[in-house]
Number of protein chains: 2
Amino acid sequence: MKYPASLLQLIRELSRWPGIGPKSAQKLAFYLFEQPQEDIERIAKLLLSAKEELHLCPECFNVTDKELCEVCSDQTRMRNQICVVEDAGDVLAIERSGEYRGLYHVLHGAISPMHGVGPDKLYIKQLMGRVQSDMEVILATSTTVEGEATSMYLQRQLASTGATVSRIAYGLPVGGALEYADEVTLGRAISGRQKIK
Amino acid sequence: MKYPASLLQLIRELSRWPGIGPKSAQKLAFYLFEQPQEDIERIAKLLLSAKEELHLCPECFNVTDKELCEVCSDQTRMRNQICVVEDAGDVLAIERSGEYRGLYHVLHGAISPMHGVGPDKLYIKQLMGRVQSDMEVILATSTTVEGEATSMYLQRQLASTGATVSRIAYGLPVGGALEYADEVTLGRAISGRQKIK
């Protein structure tokens, strides 16, 4: 027995989406098939309208439906700080922390030779065009191998600009028990210890 | 900072899909946004055409794009065996095993009072209409609480039909190490042991 062609095509498409394996794709396809016709039409429209209305902010390359994104157009934000992140989702994560009042720069990925992503595929040239000598650039890429490689690369590129360059702190996650932390994190947390008195 | 409205709507929709939490929904929405326009149009069309072309087989309620599904229209299948499964995906899983040559019946779910799914929401009445006294009904619902409840309910309903009713075997998964099996499975594997000589 084989699946009907249109179901198979849908499963194949869904299994290409990030984080969705063949089994979840199958489950999702059946779920979608069981939704009423008007819901499917609504979902199809949603996909098309999101694609149509959204674009990248020409300054920081965050996703926005306005000319400039909300952060770049906010006159109360510090203009001498640029926080460099991998994805647009990271901007919201940092915004939620409430700790940062500067600008952002979204790279749209991290350097990963394994996946054929070199520096030229990221918005690094655009970052270099924004950085001035009186600025601080905060490298907030992930602490994965790819994120670290990207951070190192940017560090070297930014050296000649005269700007202050910093990296977000490594350490224990808040609320984390010491015994569950891996040794690398623990080592970084100790070497990065802060004086409290 | 807030997300643009159309992005937010897309994230909300995706997080309603089974197995997709708010974080994966966000990741998927950004992934979709980054696909080229023609891909988004293709995906939207795929959703609509799958919905349009597919329907349930009027015999066994499997998903099909033909009048009768492939199994029901196959004259070489044993017509005196009905294997009852929860979902259309289960049919393919059993077909892949190559162990079964009878017919199927897809319930489209399992009894779950917690989620408001009573026997009347499943295709049980239709199953009762198909079963005859010279048939074997193989209950192949999951071995979860809901699957077991459904199996028990069907067992009681089928008692008066005179049909042979069986339940798929419990035991160790093939290739599984004994020490990793939970005690309930192990208990069932021992009580269900089969003579080999």
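Residues numbered from 1 in each chain as written. Chains lettered and ligands numbered in written order. Predicted model: local features only at pLDDT ≥ 70, side-chain atom pairs only at ≥ 80, totals over all residues. Heavy atoms only, no water.

Time to look at the overall build of chain A. Within chain A, the regular secondary structure consists of 7 helices and 6 strands. Traced from its N-terminal end to its C-terminal end, chain A shows the element sequence α-α-α-β-β-β-α-β-α-β-α-β-α. For chain A, whose C-alpha radius of gyration is 21 Å, the value lies well above the compact-globule estimate of 16 Å for 197 residues. Buried positions account for 40% of the 197 residues belonging to chain A. For chain A, restricting intrachain contacts to residue pairs at least 6 apart in sequence, the fraction spanning at least 24 positions comes to 47%. Within the structure as shown, chain A displays about 11400 Å² of accessible surface, and the carbon and sulfur contribution to it stands at 54%. Side-chain charges in chain A split into 22 positive and 25 negative, and the spacing between the mean points of these groups amounts to 4 Å. (Helix = DSSP H or I, 4+ residues; strand = E, 2+ residues; numbered from the N terminus. Rg over C-alpha atoms; globule rule 2.2 N^0.38 Å. Buried < 20%, exposed > 50% of the residue type's maximum accessible area, 1.4 Å probe, protein only. Contact = heavy atoms within 4.5 Å. Areas by Shrake-Rupley, 256 points an atom, 1.4 Å probe, with all protein chains shown as cover. Lys, Arg positive; Asp, Glu negative; His and termini not counted. Charge placed at Lys NZ, Arg CZ, Asp CG, Glu CD.)

Residues and elements named next belong to chain A. A sheet is described by the order of its strands in space; here 4 strands give the open sequence β4-β3-β5-β6, paired in parallel fashion. Each edge of the open sheet is held by one strand with a lone partner, namely β4 (103-106) and β6 (164-167). The mean inter-strand angle of the sheet, taken between neighbouring strand axes irrespective of direction, is 25°. Sheet strands in contact with helix α4 (residues 88-97) are β3 (81-85) and β4, and its direction is about 155° off that of β4. (Pairing = 2+ DSSP bridges. Axes fitted to C-alpha atoms, helices over the stretch in contact; angles between N-to-C directions.)

Further remarks concern the packing of aromatic side chains. What the rule picks out here adds up to 7 aromatic pairs over all chains. Directly above the ring of F33 of chain B sits K51 of chain A, whose terminal nitrogen or CZ lies 5.4 Å from the centroid. (Phe/Tyr/Trp six-rings, centres within 6.5 Å; stacked < 30°, edge-to-face > 60°. Lys NZ or Arg CZ within 6 Å of the ring centre and 35° of its normal.)

Let us now look at the relation of the copies chain A and chain B. Here two copies of a chain appear, and what relates them is a rotation about an axis with a shift along it. Screw-axis analysis of chain A against chain B gives a translation of 0.0 Å along the axis, an RMSD of 0.1 Å, and a rotation angle of 180°. Within this description, the copies of the chain are treated as partners about a two-fold rotation axis. Among all C-alpha atoms of chain A, that of A44 of chain A lies closest to the rotation axis, at 2.2 Å. Comparing interface residues between copies, 100% of those in chain A also sit at the interface in chain B, which points to an isologous, same-surface contact. (Least-squares fit on C-alpha atoms with pLDDT ≥ 70 in both.)

This part takes up the nonpolar core. Within the largest apolar cluster, 44 residues are counted, with the highest numbers of intra-cluster contacts made by L14 and W17 of chain A together with L14 and W17 of chain B. Where this core is concerned, the elements lending two or more residues are α1 (5-15), α2 (22-33), α3 (37-53) and α4 of chain A together with α1 (5-15), α2 (22-33), α3 (37-53) and α4 (88-97) of chain B. When near neighbours in sequence (up to four residues on either side) are disregarded, L14 of chain A contacts I20, A25, L28, A29 and L32 of chain A together with W17 of chain B. (Core = buried A, V, L, I, M, F, W, Y, C linked by side-chain atoms within 4.5 Å.)

Below, the discussion takes up the UniProt feature "zinc finger region: C4-type" (unreviewed entry) in chain A. Per the UniProt record, "zinc finger region: C4-type" (unreviewed entry) is annotated on residues 57-72 of chain A. As annotated, residues 57-72 of chain A comprises 0% helix and 12% strand, and the C-alpha atoms at either end are separated by 8 Å. (UniProt positions renumbered as here; feature names shortened; annotations may be inferred.)

Let us now look at the pattern of salt bridges. For the structure on display, the rule yields 12 salt bridges over all chains. Ionic pairing is found between D39 of chain A and R42 of chain A, a salt bridge with its closest N-O pair at 3.8 Å. Here D39 of chain A pairs with R42 of chain A, and both are found in helix α3, just 3 residues apart, close to one helical turn. Under the relative-accessibility criterion, D39 of chain A is labelled partly exposed at 22%. Ionic pairing is found between D65 of chain B and K66 of chain B, a salt bridge with its closest N-O pair at 3.8 Å. When its relative accessible area of 32% is taken as the criterion, D65 of chain B is described as partly exposed. Taking the relative accessible area as the measure of exposure, K66 of chain B reaches 45% and is therefore partly exposed. Members of the salt-bridge network, linked through shared partners, are E13 and R16 of chain A together with D39 and R42 of chain B. (Salt bridge = Lys/Arg side-chain N within 4 Å of Asp/Glu carboxyl O.)

Moving on to the pairing of strand β3 (residues 81-85) of chain B. Consecutive side chains of a regular strand alternate in pointing toward one face of the sheet and then the other. Residue and element names in this part refer to chain B. Within β3, 5 of the 5 residues are buried, which leaves the element mostly enclosed by the surrounding structure. Burial along β3 is two-sided: Q81, C83 and V85 and I82 and V84, pointing in opposite directions, are all buried. Looking at chain direction, β3 and strand β5 (residues 136-139) are connected through 4 bridges and run parallel. Opposite I82, over in β5, you have V137 as the bridge partner. Looking at chain direction, β3 and strand β4 (residues 103-106) are connected through 4 bridges and run parallel. Bridge assignment links C83 to a residue of β4, and that residue is Y104. The parallel pair β3 and β4 is bridged by α4, and the resulting crossover is right-handed. (Right-handed = clockwise from strand over helix to strand, strands pointing away.)

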